[in-house]
Amino acid sequence: MNAQFKKGVLELIVLESVRQKDMYGYELVEEVSKVVDVNEGTIYPLLKRLTNEHYFETYLRESTEGPPRKYYHLTAAGVLYRDSLEAEWSQLTEQVGRFLKECRNG
Amino acid sequence: MDKKTFIAELERSLSVLQEEELRDIVGEYEQHIDMKVQSGLTEEEAIADFGSVKELTAEILEAYHVRADFASAAEGKAEKKWELPFAKSGKTKDAAAQQTKERLTTIKQRITGWLKRAGAWFLGAMKLWDTQEMREKILHRDEAKHTDEFSYEGKAGNVARSETHGCFTSVQRAAEQCTAVLMEILRFCWRGALWCVRIGWNLCWIGFSCFCGAMGLFCLFGLGTLVVLLTQGYPLAGVTIGCLGLNLCLFSIAGLGMTLLWKKKKKEIETVQEVKADA
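Conventions we followed
- Residues numbered from 1 in each chain as written.
- Chains lettered and ligands numbered in written order.
- Predicted model: local features only at pLDDT ≥ 70, side-chain atom pairs only at ≥ 80, totals over all residues.
- Heavy atoms only, no water.
- Core = buried A, V, L, I, M, F, W, Y, C linked by side-chain atoms within 4.5 Å.
- Buried < 20%, exposed > 50% of the residue type's maximum accessible area, 1.4 Å probe, protein only.
- Helix = DSSP H or I, 4+ residues; strand = E, 2+ residues; numbered from the N terminus.
- Contact = heavy atoms within 4.5 Å.
- Phe/Tyr/Trp six-rings, centres within 6.5 Å; stacked < 30°, edge-to-face > 60°.
- Axes fitted to C-alpha atoms, helices over the stretch in contact; angles between N-to-C directions.
- Parallel < 35°, antiparallel > 145°, perpendicular 65-115°, else oblique.
- Left-handed = near helix turned anticlockwise from the far one by under 90°.
- Nonpolar A, V, L, I, M, F, W, Y, C, P; charged D, E, K, R; others polar.

1. Overview of the nonpolar core
Ranked by internal contacts, the top residues of the largest apolar core, which has 48 residues, are Phe56(A), Phe6(B), Leu10(B), Tyr29(B) and Ile60(B). Here this core takes seven residues from helix H1 (residues 3–20) of chain A, the largest share from any one element. If near-sequence neighbours (up to four positions away) are discounted, Ile60(B) is found in contact with Pro45(A), Leu10(B), Leu14(B), Leu17(B), Ile25(B) and Tyr29(B). Among the nonpolar cores identified, the runner-up in size contains seven residues, and Cys212(B), Leu223(B), Cys243(B) and Ala254(B) belong to it.

So this is what it looks like as structure tokens:
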């Protein structure tokens, strides 16, 4: 898949995944990888940025295996941001879809 | 590339970040590699999934709003010029505080300007008042001097006459005194005439303004009746407006006369005082 496409949509996928349930980094990478084929390294900077912008909160939780894990939780601002992103996404896909259809027909 | 070298390289290229942030992000990658290893991959395979370290660090720095080229230029010990969103928000807060401060200072300046202006005006008014008073005082003093001079001259004449006993000088003195007395009488007459003329003029003004006032009142009465008639349907609109104009005119003339008189009153009193002093 086009890297530029992925980059834009990745944010929405990550936000939506964390909205479903709080996740830690590795878990989230696996979850996102199921949807889009993505370089695993790029998820962490994204998480960092979204945390810095207060869309995510983080907390540490002990795990049975290994060190404590940092969990990500979606904040109210994050929910709003996710909704706006989703609206933008659906509008974009709709417009692009309509355009492609018109081109095909015309 | 094994985990150790990967982490070392990551730390080196992210050295522009704050220590805490660096620990945090490197810790995430470490954990990720550990988990990959747990799931059965080798360290090399896990790290290979990250792609090139350069791209990765560029992306990480982008998340902190730090330019990648800046990071590479400032490798090793560099100034920590990273910008976090909360740092940004702090900045905006600072900016907002500054703005409010500036606004406050401008308001303060404006108020002080007003106060200064008011103070200057007040001082100016005081000065004017002072100078007026001073002028009056000077006038009074001058008058007093004049009277003093007169009395002094008289005395001097007496002394001179009693001392010299010369015929010529005595005649001269007598003539001088006669002319002085005549002059005094003439001056008194002139003053009296002037006073009479002034009084007459003032009386004329009083009469005229009183007449105008009376006429104005009469016109007002007429205007009232005309308005009543107008409301009853008589076609008297033009006459009513004319009456209103006349009314205003008469009242304004009366007001003018009265104010002129009022202003003249002061002068009159002064002249009366002068006349008295001269007498």
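2. Re the packing of aromatic side chains
Aromatic rings in a pair are described by how distant their centres are and how their planes are angled relative to each other. By the definition in use, this model includes ten aromatic pairs over all chains. Pairing Tyr24(A) with Tyr71(A) gives two aromatic rings, centres 5.4 Å apart and planes at 70°, and the pair type is edge-to-face. Residue Tyr24(A) is located in strand S1 (residues 23–24), and its partner Tyr71(A) is located in strand S3 (residues 69–74); the two are separated by 47 residues in the primary sequence. Owing to a relative accessible area of 11%, Tyr71(A) belongs among the buried residues under this scheme. Geometrically, the ring pair formed by Phe6(B) and Phe50(B) is stacked, given 5.4 Å between the ring centres and 20° between the ring planes. You can see Phe6(B) sitting in helix H1 (residues 3–13) and its partner Phe50(B) sitting in the loop between helix H3 (43–48) and helix H4 (53–63), a full 44 residues away along the chain. By the burial criterion, Phe6(B) is buried, and Phe50(B) matches it.

3. Considerations on the packing of H1(A) against helix H4 (residues 76–105) of chain A
Residue and element names in this part refer to chain A. Their axes nearest at 10 Å, the elements H1 and H4 cross at an angle of 135°. Relative to H4, the element H1 is oriented oblique. Judged by the twist between their axes, the crossing of H1 over H4 is left-handed. Where H1 approaches H4, its residues Val 9, Glu 11, Leu 12, Leu 15, Glu 16 and Arg 19 are matched on the opposing element by Gly 78, Tyr 81, Arg 82, Leu 85, Glu 86 and Trp 89. Grouping the constituent residues of the contact of H1 with H4 by class yields six nonpolar, one polar and five charged.

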